[in-house]
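Notes for the structure review
Chain by chain, the residues:
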Protein chains: 2
Amino acid sequence: MSSSVETPEEDVSVPGRITIRDVAKAAGVSIATASKALNDRGRMTPETRARIQTAARDLGFTPNAVARALVSQRSFTIGLLTNDTYGRFTLPVAAGLSAALIDRGVSVFLCAFQDDPEAARVNLRAMQDKCVDGLIIAGKRIDRGLPIELPRLSMPVVHVYSLCGDDDIGFMPDDRAGAALAVQHLIGLGRRRIAHVTGPLAFAAVAQRTEGWADALKAHGLAPFGAPLNGTWSEGFGYSVGQAWAALPPSERPDGVFCGNDQIARGVIDALTLAGLNVPRDISVVGFDNWSVFAEATRPPLTTIDMNLQEMGRQAGLVLLDMVEGLPVERGLRRLPCRLVTRQSCGVPPPA
Amino acid sequence: MSSSVETPEEDVSVPGRITIRDVAKAAGVSIATASKALNDRGRMTPETRARIQTAARDLGFTPNAVARALVSQRSFTIGLLTNDTYGRFTLPVAAGLSAALIDRGVSVFLCAFQDDPEAARVNLRAMQDKCVDGLIIAGKRIDRGLPIELPRLSMPVVHVYSLCGDDDIGFMPDDRAGAALAVQHLIGLGRRRIAHVTGPLAFAAVAQRTEGWADALKAHGLAPFGAPLNGTWSEGFGYSVGQAWAALPPSERPDGVFCGNDQIARGVIDALTLAGLNVPRDISVVGFDNWSVFAEATRPPLTTIDMNLQEMGRQAGLVLLDMVEGLPVERGLRRLPCRLVTRQSCGVPPPA
DNA sequence: CTCAACTGAGAAAACCTTTTCCCAAAGGGT
DNA sequence: ACCCTTTGGGAAAAGGTTTTCTCAGTTGAG
């Protein structure tokens, strides 16, 4: 035993972190055996294993994730890269993701950046340097990618609510079916003159939701009430549409509206209400997003479509994990179903 | 040269990551020298240093952050632990934090959990295992801590928008001064009968904002217009207050209102507007939070107080970094000034 | 010319864990 | 009794970087 290195008998002085060395010494075994015992690997008598595990527990040993990452080439960390600084889409996704992965010992690195490509590059680089095992790319619209090139990115990637090529793996809400759900609800309540007020044509989501609106009407033999009205995704736009309707004679107004998002829906309702009309008596309104801070605060509270973003995050996390572990994963886009959340902006829900 | 280990002359086969070994070999120096050259440490001829740096650039070398963390005992990662899953407070803070730290090579681990202490424990443990250099504890109210014990936490901690003991280091907005700013603005516009509608008494922020309201009135020799009205932090509460006011004769109504948050302000404005009153002509309204999705969508757009949460995140990050680097840091709470954002809910701003 | 001081650069330990051998002892069959 | 197999456990390398020594060579002064 050389005196320079091997005199750790009495090193009570340094209260630093407890390592597997300490566990091994306490249990009277070698480091290798300790490692195997703690990871349920290798062969040894049950007694030895138990002794080591007890020692680890008594000492409060937790393996150093950094050292483990260095040797295993896995950091048990995944990155979530997004340009949705507002968090409207990303936060629910992140919540589902974290919840799904934390049990498996995987943490999530969230990087939100403004749409500056340079910031994107820096953050992506940081993640690569830190050896994240995989990447979730999350956006705020389904027809745009992030301003980064992932050319020869050596790690698996899953796209969520963001553009996704045919060879990629991605998750999106089934906007079309979700929209149809909303319109079916209106029809089920007896509405027949169903309009559609939504966002800019440039958004793919707009086209898909409009298709869903048309689908549901057609399935029930109804004609669209006018052409879809496209504007901005804002309360202001909904408000102006509501004002215009309020100025018309009742026979020229819709009796049901499917709005492309909750903000537009709220604008419509506010304008109608201010003009003396009653929602839902005169017109039923359905939104899209189920952004609770809007949907619940609207008077009356908004019936709307929920995209199940949290579930989307959960599934994306599980698929990414499979990829990290080398399991085969089918490429392509997965569309997750949406869900109708009934509040009071449409009237009484139909009897079950 | 033993043949088993040292035959990396022709290892073009494995396209794996470029390490400092490769750089050293390319530059014809030892690993140690390469490391020193790349970190601007040690002594060597400028030519050697330049040669190594050029080689590193040509090869596209980036140091492996995991290996570096293992040896330096610093991960260049800080954790942001929060129970604000909605992100109203945490996202701006995180944005400021990230922006401030990314230049210094430090990334941010965001962990948001519901108020379940078990989840908190698991996430905290994960951060410890991953050797984050420091922790930001962010909450959603200033008078509550997170449901975790940080007893002998071996890393530095900074609290942001969350309870902070005398020996801790924390950041909060100066609610009192911010509230006074709002009321001064109303007074400057000629308002004299200034009411206050705000959240539940149980929140410390409510008391502080109420004090600011009283401060500013007193400084101008004005009496409070009635007692502060306490309710929930919701549009619904503001709406009911607005309805009540609208039913009163003008002489018994306030001519200016300072609201405890933007949602209450919006509720007040909506109710007044629906009752046929005009904001700001009949009553000026100021909010608090500058939650843009509310403030901008209100009709008229809301003049409100911004807590500068992003700046708070920035400063918290810089202080935490100082602590990580062992610099002396003054303990205690720092209150950051708020800022008035003028929109159209108060009328014309006073001439400068 | 000698010695000290300095200079540039490399060898090796250290960070902590996992994993691949390898070895000694014990057990079993003939 | 001998050999082979199994068993339990350990030694050592590997992962990529930083850092501390150490050392050979060079320079300058006396």
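Residues numbered from 1 in each chain as written. Chains lettered and ligands numbered in written order. Predicted model: local features only at pLDDT ≥ 70, side-chain atom pairs only at ≥ 80, totals over all residues. Heavy atoms only, no water.

Here we come to the layout of surface pockets. Within this model, the second largest pocket holds a volume of roughly 1,600 Å³. Taken together, 43 residues line the second largest pocket, and the ones lying closest to its centre are Arg17(A), Ile18(A), Thr62(A), Gln128(B) and Asp129(B). Going through the elements one at a time, helix H1 (20-27), helix H2 (31-38) and helix H4 (65-72) of chain A together with helix H6 (117-129) of chain B are the ones with two or more residues in the lining of the second largest pocket. Per-element tally for the lining of the second largest pocket: the top contributor is H6(B), with seven residues. Of the residues belonging to the lining of the second largest pocket, the class tally is 22 nonpolar, eleven polar and ten charged. (1 Å grid on protein atoms, 1.4 Å probe; cavity = no way out; pocket = protein on both sides within 12 Å on 5 of 7 lines; lining within 4 Å. Points joined across faces, edges and corners; volume = space filled by probe spheres on them. Helix = DSSP H or I, 4+ residues; strand = E, 2+ residues; numbered from the N terminus. Nonpolar A, V, L, I, M, F, W, Y, C, P; charged D, E, K, R; others polar.)

A word on the protein's contact with DNA strand C. Taken together, 27 residues are adjacent to DNA strand C, and Ile20(A), Arg68(A), Thr33(B), Met44(B) and Thr48(B) come closest. A distance of 3.0 Å is found between a base oxygen of DNA strand C and a side-chain nitrogen or oxygen belonging to Lys36(B). In the model, a phosphate oxygen of DNA strand C is placed 2.7 Å from a nitrogen or oxygen of the Thr48(B) side chain. Of all the elements in the fold, those that place two or more residues in the surface near DNA strand C are H2 and H4 of chain A together with helix H2 (31-38) and helix H4 (65-72) of chain B. Here the surface near DNA strand C gets four residues from one element, more than from any other, and that element is H2(A). Across the surface near DNA strand C, the residue classes break down as 13 nonpolar, nine polar and five charged. (Near = heavy atom within 4 Å. Polar contact = N/O pair within 3.5 Å; in protein donor to acceptor, adjacent residues only side chain to side chain.)

What follows is about the protein's contact with DNA strand D. Residues in close proximity to DNA strand D total 29 residues, the closest being Thr33(A), Lys36(A), Thr48(A), Ile20(B) and Ser35(B). Restricting the count to atoms of DNA strand D within 4 Å of the protein gives a sugar and phosphate share of 60%. A distance of 3.0 Å separates a phosphate oxygen of DNA strand D from a polar backbone atom of Ser30(A). Note that a phosphate oxygen of DNA strand D is positioned 2.9 Å from one of the side-chain N or O atoms of Ser35(B). Every element with two or more residues in the surface near DNA strand D is listed here: H2 and H4 of chain A together with H2 and H4 of chain B. The biggest single contributor to the surface near DNA strand D is H2(B), with four residues. In terms of residue class, the surface near DNA strand D is made up of 14 nonpolar, ten polar and five charged.

Okay, helix H10 (residues 262-274) of chain A next. Residue and element names in this part refer to chain A. With 13 residues, H10 extends 18 Å from end C-alpha to end C-alpha; this agrees with the ideal 18 Å at 1.5 Å per step. Within H10, eleven of the 13 residues are buried, which leaves the element mostly enclosed by the surrounding structure. Those residues of H10 lying buried are Asp262, Gln263, Ile264, Ala265, Arg266, Gly267, Val268, Ile269, Asp270, Ala271 and Leu272. You can read the cap of H10 off the contacts: a side-chain oxygen lies 3.2 Å from the backbone nitrogen of Gln263, and it is on Asn261. (Expected span 1.5 Å × (residues − 1). Buried < 20%, exposed > 50% of the residue type's maximum accessible area, 1.4 Å probe, protein only.)

Our focus in this paragraph is helix H3 (residues 46-59) of chain B. Residue pairs three or four apart in sequence face the same way in an α-helix, which turns once every 3.6 residues. Residue and element names in this part refer to chain B. For H3, built from 14 residues, the straight-helix expectation of 20 Å at 1.5 Å per residue is met to within 8% by its first-to-last C-alpha distance of 20 Å. On its buried face, H3 is in contact with helix H1 (20-27) and H2. Trailing H3 by a residue or two, Gly60 shows a phi angle of about 70 degrees, which is positive. (Contact = heavy atoms within 4.5 Å.)

Our next topic: the sheet that holds strand S2 (residues 107-112) of chain A. All names here are of chain A. Read across the open sheet, the six strands follow the order S2-S1-S3-S4-S5-S11; overall the sheet is parallel. Single-partner strands in this sheet number two, and they are S2 and strand S11 (332-336). Sheet twist, expressed as the average angle between the axes of neighbouring strands with direction ignored, equals 20 degrees. The pairing of strand S5 (residues 169-173) with S11 spans five bridges and is parallel. Residue Gly170 lies in a different strand from S11, and its bridge partner there is Leu333. (Pairing = 2+ DSSP bridges. Axes fitted to C-alpha atoms, helices over the stretch in contact; angles between N-to-C directions.)

Domain parsing of chain A yields domain 1 (8-61), domain 2 (75-173 + 309-336) and domain 3 (175-307). In this structure, domain 1 of chain A and domain 2 of chain A have C-alpha centres spaced 37 Å apart. (Domains from an automatic or database assignment.)

A few words now on the pattern of salt bridges. The final tally for this structure, using the stated rule, is 36 salt bridges over all chains. The partner of Arg49(A) in a salt bridge is Asp40(A), with the nearest N and O atoms 3.8 Å apart. Among the ionic pairs, Glu235(A) bridges to Arg266(B), the shortest N-O distance being 2.6 Å. With Glu235(A) in helix H9 (residues 235-246) and Arg266(B) in helix H10 (residues 262-274), the pair connects residues from two separate chains. Per residue, the accessibility class of Glu235(A) equals that of Arg266(B), and both read buried. (Salt bridge = Lys/Arg side-chain N within 4 Å of Asp/Glu carboxyl O.)

In this section: empty space enclosed by the protein. In total, this model carries six cavities of 30 Å³ or more according to the counting rule given. In this model, the largest cavity occupies a volume close to 200 Å³. Every residue lining the largest cavity is counted, 14 residues in all, and those nearest its centre are Val66(A), Thr77(A), Lys130(A), Val66(B) and Lys130(B). Counting only elements with at least two residues in the lining of the largest cavity, the list comes to H4 of chain A together with H4 of chain B. Across the lining of the largest cavity, the residue classes tally to eight nonpolar, four polar and two charged.

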